[in-house]
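# Understanding the architecture of this molecule
Spelled out from the first residue to the last, the chains are:
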Amino acid sequence: MEQTKAEAVLEAVLFTMGDSVEVKSLADVIEEDVKVTRDILKNMEERYAQEDRGIALVWLDDAVQLCTKAEMYEYLIKIARAPRKMALTDTVLETLSIIAYKQPITRAEIERVRGVSCDHAINKLLEYDLITELGRLNAPGRPLLFGTTEQFLRSFGVKSLEELPELNPVQVEEFKQQAEAEVQMQLDI
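The structure presented is a predicted model; accordingly, all values stated were derived computationally and were not measured.

## What to know about the pairing of strand β3 (residues 63-68)
The element β3 is largely enclosed, with a buried count of 5 among its 6 residues. Sheet analysis places strand β1 (residues 21-22) next to β3, joined by 2 bridges and oriented antiparallel. Along β3, the bridge assignment pairs V21 with V64. The pairing of strand β2 (residues 55-60) with β3 spans 6 bridges and is classified as antiparallel. Its bridge partner being in β3, L60 is matched across the sheet by A63. Two successive antiparallel strands, β2 and β3, enclose a turn made up of 2 residues, where D61 displays a positive phi of approximately 55 degrees.

Below, the structure is given as structure tokens:
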């Protein structure tokens with residue numbers, strides 16, 4: 001397929017899907033190999049940036065998504081209702097960070113790290129589509145395993161989990177002390 005036609009097909013597919021699509025699937029659609037498809041997508045990404053368009057091609061691991069550029073938000077809210085904002089409390093953020101760094105992880109393992117129940121935080125994270133159920137652990141009771149989603153990557157502006165900042169030992173110790181203080185406060189109540 002000629003490059004102009006391939007770009008048009010890829011753009012149509014990405015626009016219609018709305019969510020990210022794996023590069024391998026896109027390669028199958030245009031009947032090209034993954035490397036050629038990746039090159040075409042990178043060309044499209046560069047062109048969108050150079051032409052100062054309202055859309056951008058966003059890479060999420062081995063998938064891409066056609067998205068509205070962040071600087072267009074103020075114009076979008078004039079026509080569409082404002083998206084629901086996530087209310088991420090410290091407890092919810094702490095739970096999310098544990099999942100992000102230790103996934104796949106069970107509820108019991110999260111609670112062991114936090115020292116307190118995390119039902120509310122997990123329910124909020126599932127509601128906001130920041131985490132998902134990845135399956136069940138092959139252990140007694142077959143507990144659910146949780147991990148982050150592509151929405152997590154988009155929301156925090158990272159393309160893959162490898163881009164998450166590394167935790168230094170001092171931070172880890174501070175997190176442990178905060179969790180222990182939180183448990184003690186709960187016990188004192």
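## A short note on the pattern of salt bridges
If you walk through the whole model with that rule in mind, you get 11 salt bridges. Residue K35 is joined to D39 by a salt bridge in which the shortest nitrogen-to-oxygen separation is 3.1 Å. With K35 and D39 both in helix α3 (residues 34-50) and 4 residues apart, this pair spans about one turn of that helix. Judged by relative accessible area, which is 58%, K35 ranks as exposed.

## Overview of the packing of helix α2 (residues 23-30) against α3
The geometry of α2 relative to α3 is characterised by a closest axis approach of 9 Å and an angle of 100 degrees between their N-to-C directions. Classed by the angle they form, the pair α2 and α3 counts as roughly perpendicular. Taking contact as the criterion, the partners of V23, K24, L26, A27 and I30 in α2 are, on α3, V34, T37, R38, I40 and L41. Among the residues making up the contact of α2 with α3, the classes are represented as 7 nonpolar, 1 polar and 2 charged.

## Remarks on the sheet that holds strand β4 (residues 105-106)
Ordered in space as β4-β6-β5, the 3 strands form an open sheet in which the pairing is antiparallel. Because the sheet does not close on itself, it has two edges, and the strands there are β4 and β5 (131-136). Sheet topology note: the β4/strand β6 (residues 144-148) ladder contains 2 bridges and is antiparallel. If you follow I105 over to β6, its bridge partner there is F146. This element, helix α5 (residues 90-102), spans β4, β5 and β6 of the sheet and lies at about 95 degrees to β6.

Cut-offs applied
- Residues numbered from 1 in each chain as written.
- Predicted model: local features only at pLDDT ≥ 70, side-chain atom pairs only at ≥ 80, totals over all residues.
- Heavy atoms only, no water.
- Buried < 20%, exposed > 50% of the residue type's maximum accessible area, 1.4 Å probe, protein only.
- Helix = DSSP H or I, 4+ residues; strand = E, 2+ residues; numbered from the N terminus.
- Pairing = 2+ DSSP bridges.
- Salt bridge = Lys/Arg side-chain N within 4 Å of Asp/Glu carboxyl O.
- Axes fitted to C-alpha atoms, helices over the stretch in contact; angles between N-to-C directions.
- Parallel < 35°, antiparallel > 145°, perpendicular 65-115°, else oblique.
- Contact = heavy atoms within 4.5 Å.
- Nonpolar A, V, L, I, M, F, W, Y, C, P; charged D, E, K, R; others polar.

Remember, this is a structural readout, not a statement about activity or role.
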